[in-house]
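# Chain and residue survey
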Amino acid sequence: MTKNILNLLAVASLIFSISACNSDDSDSREVIVEVAELPEQSRNFLETNFNGFQVNRATKDVSSFDEYYEIFVNNGITIDFNRIGEWTEVDGNGLSIPTSFIDEEIVSYINTNYPTFPIENIDKKPYGYDVDLINNTELRFDTSGNFIGLGN
């Protein structure tokens, strides 16, 4: 009797484990896409600002209202785009990022006030931009590129 109960528990555990794995896989809302499938604005952004970088992977979040895209570049940088192809975040993941696409006012402010700390992340927000420097300093700028304060 005890052996039957243990066998039943083992089978139930196995079924639970398999169904848990399957449900994780089916909840995946990201699909791999080719760079050619990105909106034209995204492709132009990559060509202009990340020329020479290799795209390792591009994904599309099909469950997102914005259908945003996430691009993984060969040096660890990730770039997010909204559904129409505008960049929303560029994350160096601990490395400095190119600044050619960043408002000149922001780059100038950082070069003047933090000359030895490059930009590691920039994120568009409704009020403007959150910028993280390589030294973990968080800066906030309005939509015109004016400094408005330190982040949290």
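Read on for a plain summary of the structure. (Residues numbered from 1 in each chain as written. Predicted model: local features only at pLDDT ≥ 70, side-chain atom pairs only at ≥ 80, totals over all residues. Heavy atoms only, no water.)

### A closer look at the environment of threonine 59
Of note, threonine 59 is situated in strand 2 (residues 55-61). If we ignore the near neighbours within four places in the chain, the residues touching threonine 59 are Glu30, Val31, Ile32, Val33, Tyr68, Tyr69, Glu70 and Phe72. (Helix = DSSP H or I, 4+ residues; strand = E, 2+ residues; numbered from the N terminus. Contact = heavy atoms within 4.5 Å.)

### Topic: the environment of glutamate 120
Tracing the backbone through its elements, the reader meets glutamate 120 in strand 6 (residues 119-125). Once the C-alpha coordinates of glutamate 120 and proline 98 are considered, the two residues, 22 residues apart in sequence, prove to be 9.1 Å apart. Here glutamate 120 is in contact with Val90, Asp91, Gly92, Asn93, Gly94, Leu95, Ile97, Asp132, Leu133 and Ile134, once residues within four sequence places are set aside. Within polar-contact distance, the side chain of glutamate 120 engages the backbone nitrogen of asparagine 93 at 3.0 Å. (Polar contact = N/O pair within 3.5 Å; in protein donor to acceptor, adjacent residues only side chain to side chain.)

### What to know about the pairing of strand 2
Alignment of strand 1 (residues 30-32) against strand 2, held across three bridges, turns out to be antiparallel. By the bridge assignment for strand 2, valine 31 is matched with lysine 60. Note: strand 2 against strand 3 (residues 69-73), five bridges, orientation antiparallel. Counterpart to arginine 57 in the pairing with strand 3 is phenylalanine 72. (Pairing = 2+ DSSP bridges.)

### Some words on unusual backbone geometry
Most peptide bonds take the trans form, and the phi angle of most residues other than glycine is negative. Backbone geometry at asparagine 93 places phi at a positive 50 degrees, although glycine is not the residue there. Non-glycine residue asparagine 136 carries a positive phi angle of around 75 degrees. Positionally, asparagine 136 belongs in the loop between strand 7 (128-133) and strand 8 (138-142).

### Re the sheet that holds strand 6
Strand order across the open sheet formed by nine strands is 1-2-3-4-5-6-7-8-9, with antiparallel pairing between neighbours. A strand with exactly one partner marks an edge of an open sheet, and here the two such strands are strand 1 and strand 9 (147-150). The mean angle between the axes of side-by-side strands here comes to 20 degrees, regardless of whether they run parallel or antiparallel. Strands in contact with helix 3 (residues 104-113) are strand 6, strand 7, strand 8 and strand 9; relative to strand 8, the strand with the most contacts, it is inclined by about 145 degrees. (Axes fitted to C-alpha atoms, helices over the stretch in contact; angles between N-to-C directions.)

### Observations concerning helix 3
For helix 3, the complete set of buried residues consists of Ile106, Val107 and Ile110. The arc enclosing the buried residues of helix 3, seen along the axis, measures out at 95 degrees, which places them on a common side. What points out from helix 3, more than 90 degrees from its buried face, is the exposed set Glu104 and Thr112. Summarising the contacts, the buried residues of helix 3 are in contact with strand 6, strand 7 and strand 8. (Buried < 20%, exposed > 50% of the residue type's maximum accessible area, 1.4 Å probe, protein only. Arc of directions from axis to C-beta.)

### A word on the nonpolar core
The biggest cluster of nonpolar side chains holds 28 residues, and the ones touching the most others in it are Ile79, Val90, Phe101, Ile110, Ile122 and Val131. Broken down by secondary-structure element, the contributors of at least two residues to this core are helix 2 (40-49), strand 3, strand 4 (78-81), strand 5 (87-91), helix 3, strand 6, strand 7 and strand 8. Aside from chain neighbours lying at most four places away, what touches phenylalanine 101 is Phe45, Asn49, Phe50, Trp87, Val90 and Ile122. (Core = buried A, V, L, I, M, F, W, Y, C linked by side-chain atoms within 4.5 Å.)

Honestly, that's just the spatial picture; any functional story needs more than this.
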